[in-house]
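A structural walkthrough
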Amino acid sequence: MSLSWKERAFLALLGAATASGLTVLILILVEASSVLLPADTKFGIVFDAGSSHTSLFLYQWQADKKNNSGVISQALACRVEGPGISSYTSDPTQAGESLKGCLGEALGLIPKAQHPDTATFLGATAGMRLLSQKNGSLARDILAAVTRVLSQSPVDFWGAEILTGQDEGSFAWITINYALGRLVKYSSSGEWIQPAEWAPVGVLDMGGASTQISFVPMAPILDQSTQTTFRLYGRNYSVYTHSYLCYGRDAALGRLLAALVQQSGPQRPVHHPCYHSGYQVVLPPAALHGSSCIPSSAVLEPPRNLTVLGTGNPAACLAAIRALFNFSSCAGQRECAFNGVYQPPLRGRFYAFSDFYHTFSFLNLTSRQPLGTVNTTIWEFCQRPWRLVEASYPGQERWLCSFCAAGLYVLTLLQGYGFSADTWPSIDFEEQAGGVDIGWTLGYMLNLTGMIPAEAPAPGRAQSYGVWTAGVVFLVLTIGTVLGAGAVQLLWPQE
Ligand SMILES: Nc1ncnc2c1ncn2[C@@H]1O[C@H](COP(=O)(O)OP(=O)(O)O)[C@@H](O)[C@H]1O
Ligand SMILES: [Ca+2]
């Protein structure tokens with residue numbers, strides 16, 4: 001059967017249209033599969049080896065090969081049993097052993113096949129900084145012990161190290177600003193957007209041995225030793241950080257006790273104005289001995305038990321706490337905190353976490369109360385007799401006797417940084433932000449693995465939308481062509 005030229009033209013047109021339509025369909029399906037199929041889940045583990053304890057954080061995220069970024073969530077926070085690794089001086093091997101429980105728990109949440117791809121880190125903070133100053137070889141033995149355990153585990157172990165105070169502060173700054181989406185945001189429609197408003201937040205961290213303040217000041221940082229610079233998602237940040245060694249909660253309250261012991265001379269028991277009236281405790285010699293933050297002149301010779309009696313006197317407590325600081329060295333200077341330490345004027349909002357949060361959460365002071373209310377609440381708490389305090393908080397014995405001292409210490413420290421009644425509302429006392437614990441660990445991992453690109457990522461799915469749109473337009477044109485050809489066939493029937 002021979003075909004007319006119209007039929008041949010129509011069939012050619014139909015063939016071409018079908019071929020191009022099919023090509024477009026395949027293109028769309030390929031693109032759709034890469035958009036719709038779940039990407040691989042990746043994992044990372046960071047051990048935070050603090051002075052008082054170690055915690056393991058397991059992070060997970062969807063691998064995103066396009067722009068090397070992803071929304072990271074915290075899959076596990078595991079508190080290692082026992083004290084911080086710096087306490088294992090008489091048996092360093094046990095420091096390594098202590099990690100096994102939490103490590104096992106984390107591995108249980110990661111598919112076996114991905115254990116070898118799970119980047120794992122251990123960072124130690126002020127407890128180990130102090131130990132390495134006092135006894136470098138012991139500190140090395142402890143790091144070797146934890147390294148042994150983690151290298152033998154199936155994960156991709158990157159190493160164990162002692163962080164500087166500046167690292168601790170600046171990585172916490174990255175964590176919170178990443179978690180709050182202040183650097184770059186992943187919108188609900190799946191695109192990366194840079195916040196138009198420049199508003200990174202500052203961080204205030206209080207551990208057992210040291211405390212850190214980090215923020216981006218308004219003016220250039222004058223003391224280069226306090227500056228860390230980052231280029232993140234196409235923006236430069238100069239972060240001011242200072243870490244005060246021996247100004248963490250345990251170290252400061254230990255120094256306070258040592259000062260009171262010294263002041264009381266031979267008089268026993270020692271009167272402690274920060275303990276509630278009616279509170280009495282017999283402290284072992286270790287309460288003063290063995291702390292690198294307590295000058296040896298303040299330590300009893302020979303070591304002996306110490307009876308301490310609370311007097312519940314907030315004014316005297318505050319005076320004793322203030323004596324731990326040298327405020328006069330900064331008197332009249334705008335860019336100075338205390339102890340002669342350079343600090344640019346405060347700027348923006350601050351997140352106060354770790355022991356700032358523990359203390360203020362216990363005192364119910366995390367709802368942005370004004371400074372006056374905070375003061376009154378702490379003073380009233382300090383004046384409550386011990387038997388009433390004990391009765392009001394059953395099951396919270398561990399830290400109960402020290403919240404008065406810790407509360408007044410936090411107030412003194414924050415005022416030392418320059419917070420006043422006016423700027424007080426700019427502090428948020430929080431433990432978590434964006435579903436992750438606030439601390440240095442996430443920022444540390446992001447930094448070491450290069451997961452935050454220096455340059456702004458290309459818009460997340462803009463490219464995919466482009467292919468979709470082009471595909472749909474092409475398909476519509478193809479169908480239009482076929483229908484048009486059909487219409488030609490109908491309107492001009494075969495001769
Ligand atoms: N839930 C809590 N309530 C009160 N104090 C706490 C709590 N958890 C930890 N602390 C105390 O807060 C201080 C800081 O804790 P943390 O941030 O874990 O310190 P580090 O980083 O030095 O290990 C320590 O003195 C610790 O004993
Ligand atoms: Ca810490």
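This is a predicted model, so every value here is computed, not measured.

Observations concerning empty space enclosed by the protein
Empty space left among the atoms is revealed by rolling a probe the size of a water molecule over them. Evaluation of the coordinates by the stated rule reveals one cavity of 30 Å³ or more. When its volume is computed, the largest cavity comes out at roughly 40 Å³. In terms of lining residues, the largest cavity is bounded by L365, R368, Q369, V374, W424, P425, I427 and F429. In terms of residue class, the lining of the largest cavity is built from six nonpolar, one polar and one charged.

What to know about the sheet that holds strand β8 (residues 202–206)
The six strands are arranged β10-β11-β9-β8-β15-β16 in an open sheet whose pairing can be described as mixed. Either end of the sheet is taken by a strand with one partner, and the two such strands are β10 (227–232) and β16 (427–429). On average, each strand axis in the sheet is inclined to that of its neighbour by 20°, with strand direction left out of account. Helix-sheet contacts for helix α4 (residues 126–134) involve β9 (210–215) and β11 (235–245), and the interaxial angle to β11 is about 60°.

What about the UniProt feature "active site" (unreviewed entry) in the protein?
With numbering matched to this structure, UniProt assigns "active site" (unreviewed entry) to E168. Relative to the helices and strands, E168 is located in helix α6 (residues 165–179). With near-sequence residues (within four places) excluded, E168 lies in contact with T125, A126, R129, L163, D205, S210, Q212 and W440.

Thoughts on the site of ligand 1
Not every one of the 14 residues close to ligand 1 is listed here, only the nearest: S51, H53, G208, D250 and D355. The separation between an oxygen atom of ligand 1 and a polar main-chain atom of G208 is 2.7 Å. Within the side chain of D355, a nitrogen or oxygen atom sits 2.7 Å from an oxygen atom of ligand 1. Elements represented by at least two residues in the shell around ligand 1 include exactly α7 (249–264) and α9 (354–362). The dominant element in the shell around ligand 1, judged by the number of residues it contributes, is α9, at three residues.

Basis of the calculations
Residues numbered from 1 in each chain as written. Chains lettered and ligands numbered in written order. Predicted model: local features only at pLDDT ≥ 70, side-chain atom pairs only at ≥ 80, totals over all residues. Heavy atoms only, no water. 1 Å grid on protein atoms, 1.4 Å probe; cavity = no way out; pocket = protein on both sides within 12 Å on 5 of 7 lines; lining within 4 Å. Points joined across faces, edges and corners; volume = space filled by probe spheres on them. Nonpolar A, V, L, I, M, F, W, Y, C, P; charged D, E, K, R; others polar. Pairing = 2+ DSSP bridges. Helix = DSSP H or I, 4+ residues; strand = E, 2+ residues; numbered from the N terminus. Axes fitted to C-alpha atoms, helices over the stretch in contact; angles between N-to-C directions. Contact = heavy atoms within 4.5 Å. UniProt positions renumbered as here; feature names shortened; annotations may be inferred. Near = heavy atom within 4 Å. Polar contact = N/O pair within 3.5 Å; in protein donor to acceptor, adjacent residues only side chain to side chain.

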